[in-house]
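Coordinates in review
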Amino acid sequence: MRDRRSFWQKQLSRRRMLKGLGRAGMGVMGLAAVGCAAAPAATPTRAPAAPGAATPTSRPAASPTPVAKQLDRLVLGHNRDIVTLDPGLTSSTIPAMGALQMMYDGLTVHDRKSQAVPSLATSWENPDQLTWLFKLRPGVKFHNGYDFEAADVKFTIERMIDPQTKSPLVTLVRNVDKVEAVDQGAVKIVTKVVEPAFLRMIPDVFIISQKYLKESDPAIMQNKPVGTGPYRFVKWTKDDALELTALENHFRIGKPPSRTFFQRVIPSDTPRMAALTTGEIEYAFGVPPEQWEQIEKDPNLGLLVDDWNLSFPHLGISQFGESPLRDKRVRLAINYAINREEMAKGLFKGKVRPVGQPLSPACFGYDEAIKSYPYDPQKAKALLAEAGYPNGLEITFWITPEASYLMQKEYNEATMGFLNAVGIKTNVKTVPVGQSSQFFERMRGRNEGPEGIFHMAGMCGVFLDAFQLLESHYVTFNEQTGLGNKMYWSDSEIDAWAKEARNILDEKKRKELYSKIFRKMNEEALTIPLFSMVYAWGYNKKKVKAIYPRQSRHAAWDIEVA
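Now for a description of the structure that goes with this document. (Residues numbered from 1 in each chain as written. Predicted model: local features only at pLDDT ≥ 70, side-chain atom pairs only at ≥ 80, totals over all residues. Heavy atoms only, no water.)

Thoughts on helix α3 (residues 150-161)
Working note: α-helix, 3.6 residues per turn, so residues spaced by three or four point in the same direction. We count it as follows: Strands here mean DSSP runs of E at least two residues long; helices mean DSSP runs of H or I at least four residues long; both are numbered from the N terminus. In this scheme, a helix's expected span is set at 1.5 Å multiplied by one less than its residue total. The cut-offs for exposure are 20% and 50% of the maximum accessible area for each residue type, with area from a 1.4 Å probe on protein chains only; residues under the lower value are buried, those over the upper are exposed, and the others partly exposed. Two residues qualify as a contact provided that any one of their heavy atoms is within 4.5 Å of a heavy atom in the partner residue.
Its 12 residues place the ends of α3 17 Å apart at the C-alpha level, agreeing with the 16 Å of an ideal helix rising 1.5 Å per residue. Buried within α3 we find Ala150, Asp152, Val153, Phe155, Thr156, Ile157, Arg159 and Met160. Buried residues along α3 sit against β6 (131-136), β7 (176-183), β8 (186-191) and α5 (210-214).

Notes on the packing of helix α15 (residues 492-502) against helix α16 (residues 507-523)
Filter applied, for reference: In this analysis, axes come from line fits to C-alpha atoms, helices being fitted only over the stretch in contact, and the angle between any two N-to-C directions falls in the range 0 to 180 degrees. Any angle that falls under 35 degrees is termed roughly parallel, while one over 145 is termed roughly antiparallel, one within 65 to 115 roughly perpendicular, and all others oblique. It is the rotation of the near helix from the far one that decides the hand of a crossing: anticlockwise by less than a right angle makes it left-handed, clockwise makes it right-handed. In this classification, Asp, Glu, Lys and Arg are treated as charged, Ala, Val, Leu, Ile, Met, Phe, Trp, Tyr, Cys and Pro as nonpolar, and every other residue, Gly included, as polar.
At a minimum axis separation of 9 Å, α15 and α16 run at an interaxial angle of 155°. By the angle class used here, α15 and α16 are roughly antiparallel. Crossing handedness for the pair α15 and α16: left-handed. Along the contact surface, α15 presents Glu493, Ile494, Trp497, Ala498, Glu500 and Ala501, while α16 presents Lys509, Arg510, Leu513, Tyr514, Lys516, Ile517, Lys520 and Met521. Considering only residue class, the contact of α15 with α16 consists of 8 nonpolar, no polar and 6 charged.

Notes on the pairing of strand β19 (residues 535-540)
Selection rule: Strand pairing requires that DSSP identify at least two bridges connecting the strands.
Of all 6 residues making up β19, 6 are buried, and the element is well covered by its neighbours. On β19, burial covers both faces: Tyr535, Trp537 and Tyr539 on one face and Ala536, Gly538 and Asn540 on the other are all buried. Alignment of strand β12 (residues 283-285) against β19, held across 3 bridges, turns out to be antiparallel. Bridged to Phe285 within β19 is Trp537. As defined by bridge partners, strand β13 (residues 301-306) adjoins β19 across 6 bridges and the pair is classed as antiparallel. By the bridge assignment, Val305 is partnered in β19 with Ala536.

So, α16
Given a rise of 1.5 Å per residue, 17 residues ought to cover 24 Å, and the 24 Å separating the end C-alpha atoms of α16 matches this to within 8%. Taken residue by residue, α16 has Glu507, Arg510, Leu513, Tyr514, Ser515, Ile517, Phe518, Lys520, Met521 and Asn522 as its buried positions. The inward-facing, buried residues of α16 abut α4 (198-201), α14 (467-474), α15 and β18 (527-529). Positioned one or two residues after α16, Ala525 has a phi angle of 50°, which is positive.

Considerations on the nonpolar core
What counts, and what does not: In this text, buried Ala, Val, Leu, Ile, Met, Phe, Trp, Tyr and Cys residues form a nonpolar core when linked through side-chain atoms within 4.5 Å.
Within the largest apolar cluster, 102 residues are counted, with the highest numbers of intra-cluster contacts made by Leu107, Phe134, Phe261, Tyr283, Tyr514, Phe518 and Met521. When residues in this core are grouped by element, the largest group, 7 residues, is from helix α2 (residues 94-103). When residues no more than four places from it in sequence are discounted, the contact partners of Leu107 are Pro118, Ser119, Leu120, Ala121, Phe134, Leu136, Val153, Ile189 and Ile202.

Things to note about unusual backbone geometry
Positive phi values are uncommon outside glycine, yet Lys166 reaches one of about 55°. The exposure class of Lys166 is exposed, given its relative accessible area of 71%. Positive phi outside glycine occurs at Met407, with the angle close to 60°.

Looking at the pattern of salt bridges
Selection rule: Only one rule defines a salt bridge in this text: a Lys or Arg side-chain nitrogen within 4 Å of an Asp or Glu carboxyl oxygen.
Taken as a whole and assessed by the stated rule, the structure comprises 27 salt bridges. Residues Arg272 and Asp269 are paired through a salt bridge, measuring 2.7 Å at the closest nitrogen-oxygen approach. On the criterion of helical spacing, the pair formed by Arg272 and Asp269 is a turn pair, its members being 3 residues apart in helix α7 (residues 269-277). A residue is classified by how much of its surface remains accessible, and Asp269, at 22% relative accessible area, is partly exposed. As a salt-bridge pair, Lys409 and Glu413 come within 2.8 Å of each other at their nearest N and O atoms. Note that Lys409 and Glu413 are positioned in helix α12 (residues 408-421) at a spacing of 4 residues, about one turn of the helix. The exposure class assigned to Lys409 is partly exposed, which follows from its relative accessible area of 32%. Overall, the relative accessible area of 8% leaves Glu413 in the buried class. In the salt-bridge network here, residues are joined through shared partners; they are Arg200, Asp465, Glu507 and Arg510.

Overview of the environment of Glu394
Relative to the helices and strands, Glu394 is located in strand β15 (residues 393-399). Linking Glu394 and Gly423, residues 29 residues apart in sequence, is a C-alpha distance of 8.2 Å. The contact partners of Glu394, leaving out residues within four places of it in the chain, are Lys425 and Asn427.

Regarding the pairing of strand β10 (residues 241-246)
Judged by how many residues are buried, β10 sits mostly within the fold: 5 of 6 residues are covered. From the end of strand β9 (residues 231-237) to the start of β10, which pair antiparallel, there are 3 residues, and Asp239 there has a positive phi angle of about 65°.

Focus on the environment of Ala466
As for its placement among the helices and strands, Ala466 is situated in the loop between β17 (452-459) and α14. For Ala466 and Ala498, which are 32 residues apart along the polypeptide, the C-alpha to C-alpha distance reads 9.3 Å.

Examining the packing of α14 against α16
At a minimum axis distance of 12 Å, the contact between α14 and α16 shows a crossing angle of 45°. Taken together, the axes of α14 and α16 are oblique relative to one another. Taken as a pair, α14 and α16 cross one another with a handedness that is left-handed. Contact with α14, carried on its side by Phe467, Leu469, Leu470 and Tyr474, involves Tyr514, Ile517, Phe518 and Met521 of α16 and no other residues of that element. Within the contact of α14 with α16, the residues separate by chemical class into 8 nonpolar, no polar and no charged.

The structure is reproduced here in structure tokens:
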């Protein structure tokens, strides 16, 4: 038997098996134009029928996760490091949010299906459509012994909103008008507009101690962070490891699965897998597809390939000017030309699923009934001939060297191969590195802009709701916000449905409206959805029985100890 350690320490080949995935002629990467969407969520409090009448929604306290065993240590091998430990200054990267949710709590927290459940708030109600009244959990203390109070919620949110803070996550609270500490155990938040996704946004608003920050150095949250979460900060060595120690008992999870937790930074795939195999780490994030089979064959290792995350690669179709893409038949031909199933099997071992809408299956607004176009190259050719292109046509495929997704280069190559096979020649153009935002500014409803198809990197991100994807990409251009109409088309029905969904709290009605929008987008072939995206975890079966990640993130209590 080959030594498992020596196997992982060898240089692994990066060649991909693209046979059967079309005849692509050049390597390309996809365009990182972010379109946010959302995860399914708990039904928020409905606005009352009679204005001013409170409609309370009592939620049970989040039940602690029972832990039968507890490890002395739990080490996660990550491919990237944290940028900052200050929750008001962080960005929503996977390593950062995973670590921060272990040290801090928000008013609500996401459960394993992205539902918003109680955390520092035990219940909430909507006296009206703009007001959220939260009842706070009594008896909670920060890790330094300070009491958690309503004033801390007010301070945290106002600090994020303050322009001087320059919080990357300010968009979570961008529409908060005012925050009022009603008393020690209640806080009232008033928004400027209706925020139907509010409960799914605020879990990432991690509450900090007003007293601790004001009496300390401004950089204290970066160097010695203090929260109310299940794990307490010990040490962080940049580009090496974060060390945390568990509380004996936490109101939300009870006894943690490990006494200590380490998040190690191991950027390269091969050393990270070697560390897993030799027992240096208990589990690893970001296992590439070419290593999945080897892990599955190893009796000591387990593999989780999770598509319950917030990412969704898709292709945008620009209808600028006199583009042939203004013809529905051409757009349909593109969709029929792409063999999504073959890409899923060849590149992702069948662990991704083709989708029929530009939205992740984990996002709120996703409709399982909307299916992707089947692979039918003959129908694609017939549609092209019917549209006046019997000998095919040429379109521009916009890409950038900035990769957003796993296997992005390979599935872009395969996509172009499928298009070429039906007579659609792809003229590849590249967006300069780091200029995706500027590039798309030219396309927001103005009189200039590129045409063709574009690799679009979408992520539900901080909003966990389909409205931002629609507002930033697909509704008619809004002069006030500078958003919308990225792909140079406009539909009055979609505009009306999106506006209604954005301004009501009724989740059932909103879901129906989103279904109407994405069904029409599918029928009109206004985009080219590809498939769900995955993240893969490897783990040591001797220590870890199962992993339950949340929106591609991870917290130590999402581990079931072996």
